[in-house]
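Report on the structure
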Amino acid sequence: MQVFFYSLDNQNNKVSFNTAYKREDNKIVFEDKSIENTVIYLYIYKDKLILERKGSVEMKISFIENKSIPSYYKNQLGLEFDFIAKCHKLSITENRIDIEYDMILDNDLLSSHKIWIIMR
């Protein structure tokens, strides 16, 4: 089984890759091909998604449509910050996840993101 990961932000930065994934109950696990030594964990609930990266990059974002939720980012170079993820769209189906959110830092809009995750 393959996962296709696509991300696009408002500055036209794009990330896309595909890799094998494992599914266990409500958890999907796959290698983050955009960063060495990093794994992505998706925890899927009825109206909530938690995206966690572990390894060279440590990140945790919870998405609930129309909610703003504290999140964090940390990398191996020492960049570390807390931010707010304001989720505008969260669509979860059996084989696809669509997310649209704003990254807010110190009450300012830092960037807007769209993520598509397709499982085949």
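Summarised in this report is the structure supplied together with it.

What counts as what
Residues numbered from 1 in each chain as written. Predicted model: local features only at pLDDT ≥ 70, side-chain atom pairs only at ≥ 80, totals over all residues. Heavy atoms only, no water. Pairing = 2+ DSSP bridges. Helix = DSSP H or I, 4+ residues; strand = E, 2+ residues; numbered from the N terminus. Axes fitted to C-alpha atoms, helices over the stretch in contact; angles between N-to-C directions. Salt bridge = Lys/Arg side-chain N within 4 Å of Asp/Glu carboxyl O. Buried < 20%, exposed > 50% of the residue type's maximum accessible area, 1.4 Å probe, protein only. Phe/Tyr/Trp six-rings, centres within 6.5 Å; stacked < 30°, edge-to-face > 60°. Lys NZ or Arg CZ within 6 Å of the ring centre and 35° of its normal.

Another aspect to go through is the sheet that holds strand 5 (residues 49-55). If you trace the ten strands once around the closed barrel, you get 1-2-3-4-5-6-7-8-9-10, paired in antiparallel fashion. Adjacent strand axes in the sheet meet at a mean angle of 25° when their direction is disregarded. Where strand 3 (residues 27-31) and strand 4 (residues 38-44) come together, five bridges link them in antiparallel fashion. By the bridge assignment for strand 4, I28 is matched with L42.

Scanning the model with the defined rule gives six salt bridges in all. A salt bridge links R23 to E94; its shortest N-O distance comes to 3.4 Å. You can see R23 sitting in strand 2 (residues 14-24) and its partner E94 sitting in the loop between strand 8 (80-92) and strand 9 (96-105), a full 71 residues away along the chain. Since its relative accessible area comes to 36%, R23 is described here as partly exposed. Residue K33 pairs with E31 through a salt bridge whose shortest N-O separation is 3.6 Å. With relative accessibility at 45%, the residue K33 sits in the partly exposed group. What makes E31 partly exposed here is its relative accessible area of 39%. What emerges from the salt-bridge pattern is a single network uniting K89, R96 and D98.

All right, on to the packing of aromatic side chains then. Aromatic rings in a pair are described by how distant their centres are and how their planes are angled relative to each other. Under the criterion given, the structure shown has six aromatic pairs. Here a set of aromatic residues connected by ring pairs shows up, and it is made of F5, F17 and F30. Across the ring face of Y41, the terminal group of K54 is positioned such that the distance to the ring centre comes to 5.0 Å. Sitting above the plane of the F4 ring, R120 keeps its charged end 5.2 Å from the centroid.

Function cannot be inferred from these measures alone, as they are strictly geometric.
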